[in-house]
Every structure is written in C-alpha cells, then in structure tokens.
Amino acid sequence: MQAHDALNPPTGRMPPDALPLDVVVIGAGHSGLSLSAMLADAGVRHRVLEAETIGSSWTRRWDSFRLNTPNFLTALPGYQYDGPDPTGFATAPDVIDMLTSYARRRQLPVVEGCTVQQVFAAGDGYRVKTSDGTLQARCVVVASGEYRRPRWPRAFFSPAAGLEVVHSGDYRRPQQLGPGAVLVIGGGQSGAQIAQDLRSAGREVFWSMADRFSHIRRVRGRDSMHWWDMQGLLHRHVRERPDVAAGLPGALQKARTAEFPLVSGTGALGMGSSISLLSMHRDGIVLLGKLEHLEGHIARFLDVRPQIRGAVAGTRAEYRHLNDMADAHYASAAELPTDDARYLPEEVYLDWEPDASPRCIRLDAAGIGTIVAATGFDAQWPWLEVPGALDPNGYPLGDYGVSPQPGLFFIGMYNLQRPSSNFLCNGGRDAAELMPSILRHLAAAPSHNAVA
C-alpha cells in the first residue's frame, strides 16, 4: 500500500492500463463513498466502480420524495451537515449534490459509467470484468445496495390487460398515470407516501395496507430520530439486539427482514409530519387490508380492521416510549420541552374504531385505471459469480458484511450491521467496522505485481 494521492486519481474514467488493485468497491452511494474515504486515508490502492453516476439510485424517487431522517443527522466520514436547515429533510437532488460534492472534495477514485459485468475468484484475489475492461483486485466490496430488482405482490397478481401497472421504482408524479382512480398496493413508507402524493393531487386512491404502525415524527420539541440517537438505538449493532445476543433461533434473519415503521419527512407543518392512518382516512383515502388475490378486474383483500387496530396500538406504544425518553432527558436538563402535538398522528390521542372495508373490489366498476405496486425490491447481484457468498434468498452469508469467501465484503444493507446501515446518518460507522477486516486480509495476502 502506498500514499493514495498518486494511486487514486479523482472521479473519472478508468485508465486502460490500471494496475492491479488492493480493493474494488462496487457502488458509489453513501456506503461506497464512506469506505472509499477511509481506504484513501489508509493509503489503500482502490477504485469505486459506479454503473451510472454518483448517487444515481436517488434518481429513482418520486418528485415529492424527501429523506426520512432530518438533515442534522446526515454524515459521512469527515462530513457533518452544517447547512441552514438542520431540521429539514433533503430532496433526492439534494442528496445527489451532497454525495457528488463529497466525492470530488475528497478526490475519491470513482469511475462513473463503469458497469460491472462479472466478479469471480482468480488466483489470490478477484477478477472484476467491467464495461471499461477487466481489473484484478485482492478484495471486492459490494456496496451497490439491496434495492435492485422490483418485487411484485407476493399474493396472486394477474391484472387485466387494460389496467396500467406501475412499480413504485418507476413512479415519479401523479400526472404520469392515466385517468381514473389508483389502487396502491404495499403498506410501507413508499406506499403510504405515494398514496398521499396521489390524493394531494386530487386523485381517488385505494390503499392496500400492510401490518405497519406509524413512526412518530416529533416528540417534545425534537425529531424522534434525535431521541433514538440519544439512546443509542439508531446505531446499535445488530449483535446487541436482545434476541440476537441471546442466540434465539432465527433472530438475525428476523432483524434483517424487519419492516421499518411508516415514517415521513414531508409535510406542510414546518418540520416534517407523521404518517397518520386516521388522517389519510379523513382525507378520503380508502384503506384496504392486505391483498389476497388479484385476477383480471377482481381484487380480494383481508379485513383491514385488525391491521388498523394493531397499527394504532404500535403507534401509541412508540409514543409512550419516546415520551418516557423525553421525560428522562428534561428532568435533568436546563431547557424546557415544547409541545409538538400538531406533529403527532391523530390516532395517538383520538380513539378510532375503523369501519369495515371492502373485501372484494371490481376494479373497473370502482373506476380504478392504474395499480401502483409499492411492494419493495429484492437484492440482485447477477454479476457476483462467487460460490458460497450468498444464501438461497440472495442475502450475504458471513458475519456482518465479512463474507466467508476471503477478500469479499458487503456494506450498506439494512441491519447488515445496524439499523442505520443503509441510512445517510450512518456516518461511516459500518465502513470503519469493515476496515480492520479488509486491512488484515490485505496484510495476509501477497501483493499483485501484474494482472494474472
């Protein structure tokens, strides 16, 4: 390893005569850039390969999208947000600008427009075949994220040919959809926010929910993420979860597939807003249970009432937990709390017994012309030809990003190491944790002198 200034040229094309590398990082999102910054500081010869442009995954968001974490938490190694709107929520273009500026300021060796086509073990390292040529590296770090391949509803899903079907990854704005009402399938953050986006534009909306409660946006004068951060839960390592620490069967898989509560960074109240099921109901969004079966124009759903009751109970429990945290803080603090009741979901303080929802809808009779499937994404790395790296579901094997295959690492997946692993507030924590394993491997493996 040598000083990085000469070996790691700033963002640009990959030189055709590139020397064998210590590390190839695949993906120039916040995780890849965080690791690159640390590798550069350690003098490790590396490249970051990006199929599109820095932060390009953020271009696949709808126009009204905002981060779910407030600006004051945004951090990368050597960077902490210090702008004029700490309690605001960044847009997708804001994020792209921030990541691009960071890479250029740090002179990170990002190669844009370089598509990885194949990664396989070769000699004492890996061959990385790309659209710009082939590289040899002693280590490969997969930092391309897990939101790669659109996932469609798990229930039987065979809509009539005349219906417009759009995945949330392709949704940008209400005006792109054809006329008529819209059925949004998927009860996560994307589904909730797209349903709100459509309703705000005057569209009639039916929303097939999942079992999610609403995250509280602000409590007692501070964003809820502040309280989670203060208690150490936002960055708590997954190994410290009580069920994982106790060695309960399936605990780690449960942590990594856990659904995040409904949370929004949007809203006209100044500092974000919570997603309120009751408010959405009041606004005229038809709340439906989970999709059971959709064939032609006939869609069948579970009864939504048990789902709503469970969601309300979860939201109230989180409010009590956050309120207790705030009580403990203000009991010993000189500052006075403020009342942020206007940011709370209505169901926290209003009792609500939901009406029965339709269990079967004929879509054409209801005037529904479009289905938006906000049903998430699956990890997909078809170019990763390394046996023993992934489990049958395509999830990385190994310990918290360190693969059982020597010299292979993963970073930037939800709860791979901690809840913030795929958030911009991670601040390089996961990268710092991977660095010792990477450096140990480089110290143990012989250095390349020529491409094999």
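In the block above lies the structure referred to throughout.
Residues numbered from 1 in each chain as written. Predicted model: local features only at pLDDT ≥ 70, side-chain atom pairs only at ≥ 80, totals over all residues. Heavy atoms only, no water.

## What about the packing of aromatic side chains?
Part 1 of the argument: Evaluation of the coordinates by the stated rule reveals 5 aromatic pairs.
Part 2 of the argument: Consider the rings of W58 and F65, whose centres lie 6.0 Å apart with planes at 50°: the pair is tilted. Here W58 and F65 have matching classes, each one buried.
Part 3 of the argument: Aromatic pair W227 and Y330: ring centres 5.8 Å apart, planes at 75°, arrangement edge-to-face. In this pair, W227 sits in helix 5 (residues 224–230) while Y330 sits in helix 9 (residues 304–331), placing the two residues 103 residues apart along the sequence. Y330 shares its class with W227; the two are buried.
Part 4 of the argument: Taken together, W58, W62 and F65 form an aromatic cluster joined through their ring pairs. (Phe/Tyr/Trp six-rings, centres within 6.5 Å; stacked < 30°, edge-to-face > 60°. Buried < 20%, exposed > 50% of the residue type's maximum accessible area, 1.4 Å probe, protein only. Helix = DSSP H or I, 4+ residues; strand = E, 2+ residues; numbered from the N terminus.)

## Here we look at the sheet that holds strand 18 (residues 298–301)
Part 1 of the argument: Read from one edge of the open sheet, 4 strands run 10-17-18-19, paired in mixed fashion. The open sheet is flanked by strand 10 (156–159) and strand 19 (360–362), the only strands paired with a single partner. Direction aside, neighbouring strands of the sheet carry axes that sit 20° apart on average.
Part 2 of the argument: Two elements, strand 18 and strand 19, share 3 bridges in a ladder whose sense is antiparallel. Its bridge partner being in strand 19, A299 is matched across the sheet by I361. (Pairing = 2+ DSSP bridges. Axes fitted to C-alpha atoms, helices over the stretch in contact; angles between N-to-C directions.)

## Digging into the nonpolar core
Part 1 of the argument: In terms of nonpolar packing, the biggest core is built from 65 residues, with V23, L33, W58, L99, W207 and I438 touching the most fellow members.
Part 2 of the argument: Broken down by element, the residue count for this core peaks at 7 residues, all from helix 3 (residues 92–105).
Part 3 of the argument: Among all residues touching L33, those that are not within four sequence positions of it are A28, I54, L99, Y102, A103, L108 and V110.
Part 4 of the argument: One finds I26, V111, Y126 and V128 within the second-largest nonpolar core, a separate group that totals 24 residues. (Core = buried A, V, L, I, M, F, W, Y, C linked by side-chain atoms within 4.5 Å. Contact = heavy atoms within 4.5 Å.)

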